[in-house]
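Chain by chain, the residues:
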Amino acid sequence: MAKLHFPTLLCLFIFLFLLVSTEMQVTQAKVCQRRSKTWSGFCGSTKNCDRQCKNWEGALHGACHAQFPGVACFCYFKC
């Protein structure tokens, strides 16, 4: 039986690793944000913004973010 040298084993291992890693690509769903259409006024509570985006607009979630000249509620949807 032929002996395998360390460089040969290393190259074989790297090749197998690259082959397996390219086969296991995972696609992630993109998430797009837009300003809430149902929220009005200053957004002082991300929890309330999140609830309203989910319940009223069918979004994945919502959060308060700074937008000139104040803070607005933004909802996040699948693109």
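Residues numbered from 1 in each chain as written. Predicted model: local features only at pLDDT ≥ 70, side-chain atom pairs only at ≥ 80, totals over all residues. Heavy atoms only, no water.

As recorded by an unreviewed UniProt entry, the protein carries the name Low-molecular-weight cysteine-rich protein LCR78, putative and is attributed to Ricinus communis.

### Some remarks on helix α2 (residues 46–57)
Which entries qualify depends on this criterion: Starting at the N terminus, helices and strands are each numbered in turn, a helix being any DSSP run of H or I of at least four residues and a strand any DSSP run of E of at least two. Under the convention used throughout, the expected extent of a helix is 1.5 Å for every residue step, that is, one less than its residue count. Relative accessibility under 20% of the residue-type maximum defines a buried residue, over 50% an exposed one, and the middle range a partly exposed one, all with a 1.4 Å probe and only protein chains included. Working note: the arc is built from the helix axis to C-beta atom directions. Here, residues are in contact when the closest pair of their heavy atoms is within 4.5 Å.
With twelve residues, α2 extends 15 Å between its outermost C-alpha atoms, agreeing within 8% with the 16 Å of an ideal straight helix rising 1.5 Å per residue. Taken as a whole, α2 has its buried residues at Cys49, Asp50, Gln52, Cys53 and Glu57. For α2, the angular spread of buried residues about the axis comes to 165°, placing them on one side. Those residues of α2 that are exposed and aimed more than 90 degrees away from the buried face are Lys47 and Asn55. Contacts from the buried residues of α2 go to β1 (31–35), β2 (61–67) and β3 (70–78).

### Details of the state of the cysteines
Put simply, the test is: Note that a disulfide, as used here, is simply two cysteine sulfur atoms within 2.5 Å.
If you walk through the whole model with that rule in mind, you get four disulfides. The partner cysteine of Cys32 in its disulfide is Cys79, sulfur to sulfur 1.5 Å. Measuring handedness by torsion sign, the sulfur bridge of Cys32 and Cys79 sits at about 110° and is right-handed. With a gap of 47 residues between them, Cys32 in strand β1 and Cys79 in the segment after β3 connect regions that are remote in the sequence. Classification of Cys32 as partly exposed rests on a relative accessible area of 36%. Judged by relative accessible area, Cys79 falls into the exposed class, the value being 57%. Put simply, Cys49 and Cys73 are joined by a disulfide, and their sulfur atoms are 2.0 Å apart.

### Section: the packing of aromatic side chains
Defined as follows: Aromatic rings from Phe, Tyr and Trp, with only the six-membered ring used for Trp, were paired whenever their centres fell within 6.5 Å, and each pair was classed as stacked if the ring planes differed by under 30 degrees, edge-to-face if by over 60, and tilted otherwise. When the NZ atom of lysine or the CZ atom of arginine is within 6 Å of a ring's centre and also within 35 degrees of its normal, the charge is said to sit over that ring.
Under the defined criterion, the tally for this structure stands at zero aromatic pairs. Directly above the aromatic system of Phe77 lies the positively charged group of Arg34, at a separation of 4.0 Å from the ring centroid.

### Some thoughts on the side chain of Glu57
Put simply, the rule reads: Under the counting rule used here, the positive set is Lys and Arg, the negative set is Asp and Glu, and His together with the chain ends is not counted. Salt bridges are defined as contacts in which a side-chain nitrogen from Lys or Arg sits within 4 Å of a carboxyl oxygen from Asp or Glu. N or O atoms within 3.5 Å of each other form a polar contact, as long as, within protein, one can give a hydrogen and the other can take it, and as long as residues adjacent in sequence are counted only when both atoms are side-chain atoms.
Along the polypeptide, Glu57 turns up in helix α2. Buried and unpaired, Glu57 has Arg34 as its nearest opposite-charge partner, separated by 4.3 Å. A distance of 3.1 Å separates a polar atom in the side chain of Glu57 from the backbone nitrogen of Lys37. When near neighbours in sequence (up to four residues on either side) are disregarded, Glu57 contacts Arg34, Ser36, Lys37, Thr38, Gln52, Cys75 and Phe77.

### Things to note about the nonpolar core
Stated precisely, the cut-off is as follows: Each nonpolar core is a collection of buried residues, namely Ala, Val, Leu, Ile, Met, Phe, Trp, Tyr and Cys, held together in the definition by side-chain atoms within 4.5 Å.
The biggest cluster of nonpolar side chains holds eight residues, and these are Cys43, Cys49, Cys53, Ala59, Cys64, Cys73, Cys75 and Phe77. Put simply, the parts of the chain that give this core at least two residues each are α2 and β3. No other element matches β3, which puts three residues into this core. Setting aside residues up to four positions removed in sequence, Phe77 forms contacts with Lys30, Val31, Cys32, Arg34, Glu57, Gly58, Ala59 and Leu60.

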